Amino acid sequence: MEFNVTSGNPEKQRSGCLVIGVFEARKLSAAGKELDKASGGFLTTLLHRGDMEGRVGQTLLVHNVPKTQCDRVLLVGCGKEREFDVNNYRKAVNIITRTLNDTGTTDAVSYLTDLDIKGRDSYWKVRDHVQTTTDALYVFDQLKSSTDKVRRPLKKMSLSVPTKGELSAGEQGIAEGQAIAAGMKLAKDLGNLPGNICTPTYLADQAKTLKKHARKLSVSILEEADMKKLGMGSLLSVSAGSRQPAKLIVMDYRGGKKGDKPVVLVGKGVTFDSGGISLKPGAAMDEMKFDMCGAASVFGAMTAITQLDLALNVVGIVPATENLPDGLATKPGDIVTSMSGQTIEVLNTDAEGRLILCDALTYAEKFNPAAVVDIATLTGACVIALGKHAAGLLSNHSPLAHELQKCGTVSHDRCWEMPLWDEYQQQLDSNFADMANIGGREAGTITAACFLSRFTKNYHWAHLDIAGVAWNQGKEKGATGRPVPLLTQFLLDRAAKK
Ligand code: BES
Ligand code: MN
Ligand code: ZN
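Residues numbered from 1 in each chain as written. Chains lettered and ligands numbered in written order. Predicted model: local features only at pLDDT ≥ 70, side-chain atom pairs only at ≥ 80, totals over all residues. Heavy atoms only, no water.

Asker: So what's going on with the sheet that holds strand E18 (residues 435-436)? Residues and values would help.
Answerer: As summarised here, the arrangement of the three strands in space is E13-E14-E18, forming an open sheet in which the pairing is mixed. Sheet topology places strand E13 (334-337) and E18 at the edges, where each strand pairs with a single neighbour. (Pairing = 2+ DSSP bridges. Helix = DSSP H or I, 4+ residues; strand = E, 2+ residues; numbered from the N terminus.)

In structure tokens form, the structure reads like this:
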């Protein structure tokens, strides 16, 4: 899809379709009023007939609007003007995108970017429109033998900004929106691919593919033998039960100054989590193919920053493995030694995410990081605590936590902080090793983060538990591409500060 920005009167736009917002009840937006005036009250007449109330998601496609240069006008309901917010904006953008794709037009001009949303400027509205439009057109049909192709799909979309002075901000919004959208698409594709295709080796190949298009990126893959040499006994205890070899994928992007400390992103890449010997129940176990969505979000963020040629040093680290039961698999009660030297009693083989992350987090030290953020579908408890709207956020450095929480608000890909108090640490006490890998029923998301915190003492660190936000269940089952927008915002802001 091609995007560009435009500013100017709607009645003068030559286009297959103009998209105009209508508020409840039957209230035209500013662009709508202009168009209405030029057409001699044509739209007002339609509204008076009662064909369009303005409720969120309502649409009305009209042809032959007099005295205009466009073939059609698509009116879209935006709800009450006073209540117009990011959620309603996204609903409207989503519906017009799918509607336009189903009509005969291949190009359109959207005036939804002109609508006022509290606290959001033209740059943001353009960026989010690009992101939401791309997201709305996403389909995952690469594994279907026949697909229904849209006959005349939408190919080109112009987004309006109210003044000429905002054109360059709009252009920046398009570039950054497209980069975020490309990152989200990759994250969704990787997430949606089944475990028999998206293996640790597949993820490693993905990193090599990324490298091909990015000069400033170097990629190295650590094999199990390399991990053994480094003493990554914890990570290897998870892959012990799998016939697919584990990979530690390192993507090193150097867009910043030579000596600048990098931001390190670490993504959990369990390509299928059966629970191992502590086998999960059968219901919905297929969804554990999404247990590499943390890794996918790191690939997504790396995609976005390479596309933008961002002036920042960023390292992406992905420990990738399956978690399966086998004669050689790790058993409850087994004790393993992590790269840090700390020993771990594996009381539950289904708490495998922390076992692979701890060694990747120790490995991250070698990059002398400015900050480390890990992203993981780590605990079912996080889904219970926060549901699907916010990722869990835990950190050993409150300025970093606040920075991430703010980036979540800006990108509307939100996270919410939970406490990482010392009092919770004792839940990880073990009679036989330095720590256990589980902390009991209470505060499962926090004790998981407590476990990780024992490996992140030498740098500023934050943990995002994305178990609730990374994929949708039910009829809409599929990866969401989150938290690529949050991570990209974080990296954009860090680059801007330099
Ligand atoms: N990948 C799961 C977490 C998960 C479960 C995410 C369900 C989304 C939905 C993780 O590896 C896991 O199994 N965690 C256990 C930890 C427990 C054994 C302490 C969990 O949450 O039940
Ligand atoms: Mn598990
Ligand atoms: Zn898992």
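Read on, since the account is not over.
Asker: Would you mind going over the packing of helix H5 (residues 167-192) against helix H14 (residues 484-497) in detail, with residue names and values included?
Answerer: Relative orientation of the contacting elements H5 and H14 amounts to 135°, with a least axis distance of 9 Å. By the angle between their directions, the pair H5 and H14 is classed as oblique. Here the hand of the crossing between H5 and H14 comes out right-handed. Between H5 and H14, the contacting residues are Glu-176, Ile-180, Gly-183, Met-184 and Ala-187 on the first element and Val-484, Pro-485, Thr-488 and Leu-492 on the second. Split into classes, the residues belonging to the contact of H5 with H14 amount to six nonpolar, two polar and one charged. (Axes fitted to C-alpha atoms, helices over the stretch in contact; angles between N-to-C directions. Parallel < 35°, antiparallel > 145°, perpendicular 65-115°, else oblique. Left-handed = near helix turned anticlockwise from the far one by under 90°. Contact = heavy atoms within 4.5 Å. Nonpolar A, V, L, I, M, F, W, Y, C, P; charged D, E, K, R; others polar.)

Asker: Before we move on, can you summarise the site of ligand 1 with the specific residues and values?
Answerer: If you check the shell around ligand 1, you find 16 residues, and the closest are Lys-280, Asp-291, Asp-350, Glu-352 and Gly-380. In the environment of ligand 1, an oxygen atom lies 2.8 Å from a nitrogen or oxygen atom belonging to the side chain of Glu-352. Its residues assigned to classes, the shell around ligand 1 shows five nonpolar, four polar and seven charged. (Near = heavy atom within 4 Å. Polar contact = N/O pair within 3.5 Å; in protein donor to acceptor, adjacent residues only side chain to side chain.)

Asker: Summarise the coordination of the manganese ion (ligand 2); cite the residues concerned and give the values.
Answerer: With distances of 2.1 to 2.2 Å, the protein atoms coordinating the manganese ion (ligand 2) are Asp-273 (OD), Asp-350 (O), Asp-350 (OD) and Glu-352 (OE). Relative to the metal, the six donor atoms surrounding the manganese ion (ligand 2) lie at angles of 71 to 169°, and the coordination shape comes out irregular. Of note, the manganese ion (ligand 2) draws all its donor residues from one chain, in the sequence arrangement D-x76-D-x1-E. (Donors = N, O, S within 2.8 Å, 3.2 Å for Na, K, Ca; no water. Tetrahedral: all angles 85-135°; square planar, octahedral: opposite > 155°, others 65-115°.)

Asker: Before we move on, can you summarise the coordination of the zinc ion (ligand 3) with the specific residues and values?
Answerer: Around the zinc ion (ligand 3), the protein contributes the donor atoms Lys-268 (NZ), Asp-273 (OD), Asp-291 (OD) and Glu-352 (OE), at 2.0 to 2.4 Å from the metal centre. Around the zinc ion (ligand 3), the six donor atoms are arranged such that angles at the metal cover 78 to 177°; this shape is classified as octahedral. Read in sequence order, the donor residues coordinating the zinc ion (ligand 3) give the pattern K-x4-D-x17-D-x60-E. The distance between the zinc ion (ligand 3) and the manganese ion (ligand 2) comes to 3.1 Å, and Asp-273 binds to both of them. Placement of Lys-268 in the loop between strand E10 (263-267) and strand E11 (269-273) and of Asp-291 in the loop between E11 and helix H9 (293-308) is noted, with a sequence separation of 23 residues between them. Under the relative-accessibility criterion, Asp-291 is labelled buried at 2%. (Buried < 20%, exposed > 50% of the residue type's maximum accessible area, 1.4 Å probe, protein only.)

Asker: Outline helix H3 (residues 86-102), listing residues and values.
Answerer: Each α-helix winds once per 3.6 residues, and so residues spaced three or four apart point in a common direction. Under the 1.5 Å per step criterion, the end-to-end length of H3 is 24 Å for 17 residues, consistent within 8% with the ideal 24 Å. Buried residues of H3: Val-86, Asn-88, Tyr-89, Arg-90, Ala-92, Val-93, Ile-96, Thr-97, Leu-100 and Asn-101, and no others. (Expected span 1.5 Å × (residues − 1).)

Asker: Please give an account of the domain arrangement of the protein chain that cites residues and values.
Answerer: On domain assignment, one finds that the protein chain holds domain 1 (2-163) and domain 2 (181-497). Taking only C-alpha atoms into account, the centre of domain 1 sits 38 Å from that of domain 2. Each partner contributes residues to the interface: domain 1 has 13 residues there, and domain 2 has 17 residues. Approximately 1300 Å² of surface area, both sides summed, lies buried where domain 1 meets domain 2, with 51% of it carried by carbon and sulfur atoms. Summed over the three residues of domain 1 that lose the most area to domain 2, namely Arg-127, Gln-131 and Tyr-138, the buried surface amounts to 37% of that side. The residue Lys-188 makes a salt bridge to Asp-135 at a minimum N-O spacing of 2.8 Å. Those elements that place two or more of their residues in the side of domain 1 that touches domain 2 are H3 and helix H4 (122-136). (Domains from an automatic or database assignment. Buried area = accessible area lost by both parts, 1.4 Å probe. Salt bridge = Lys/Arg side-chain N within 4 Å of Asp/Glu carboxyl O.)

Asker: Give me the pattern of salt bridges: which residues, what numbers.
Answerer: Counted according to the given criterion, the structure contains 20 salt bridges. Between Asp-189 and Lys-185 there is a salt bridge, with the nearest N and O atoms lying 2.7 Å from each other. Linking Asp-189 with Lys-185, this pair stays in helix H5, spanning four residues, or about one helical turn. A residue is classified by how much of its surface remains accessible, and Asp-189, at 14% relative accessible area, is buried. Put simply, Lys-497 and Glu-403 hold a salt bridge, and the shortest N to O gap is 3.4 Å. Taken together, the positions of Lys-497 in helix H14 and Glu-403 in helix H12 (residues 398-410) put the pair 94 residues apart, joining distant regions of the chain. Judged by its relative accessible area of 62%, Lys-497 falls in the exposed class. Exposure remark for Glu-403: the relative accessible area of 15% places this residue in the buried category.

Asker: I'd like a rundown of the nonpolar core, residues and numbers included.
Answerer: Ranked by size, the top nonpolar core spans 61 residues in total, and within it Ile-249, Met-251, Leu-265, Phe-299, Met-302, Leu-464 and Leu-491 carry the most contacts. A total of eight residues in this core trace back to one element, the largest contributor, which is H9. Once residues within four sequence positions are removed from consideration, Leu-265 is found in contact with Val-298, Ala-301, Val-314, Val-315, Gly-316, Ile-317, Val-373, Ile-375, Leu-487 and Leu-491. Residues Leu-235, Ile-344, Ala-376 and Phe-451 belong to the second largest nonpolar core, which totals 45 residues. (Core = buried A, V, L, I, M, F, W, Y, C linked by side-chain atoms within 4.5 Å.)

Asker: Outline the side chain of Lys-289, listing residues and values.
Answerer: Note on placement: Lys-289 falls in the loop between E11 and H9. Nearest to the buried, unbridged Lys-289 among oppositely charged side chains is Asp-286, at 6.1 Å. From its side chain, Lys-289 meets the backbone oxygen of Asn-192 in a polar contact 2.7 Å long. Lys-289 has contacts with Gly-191, Asn-192, Leu-193, Pro-194, Gly-195, Thr-271 and Phe-272, leaving out every residue within four places of it along the chain. (Lys, Arg positive; Asp, Glu negative; His and termini not counted.)

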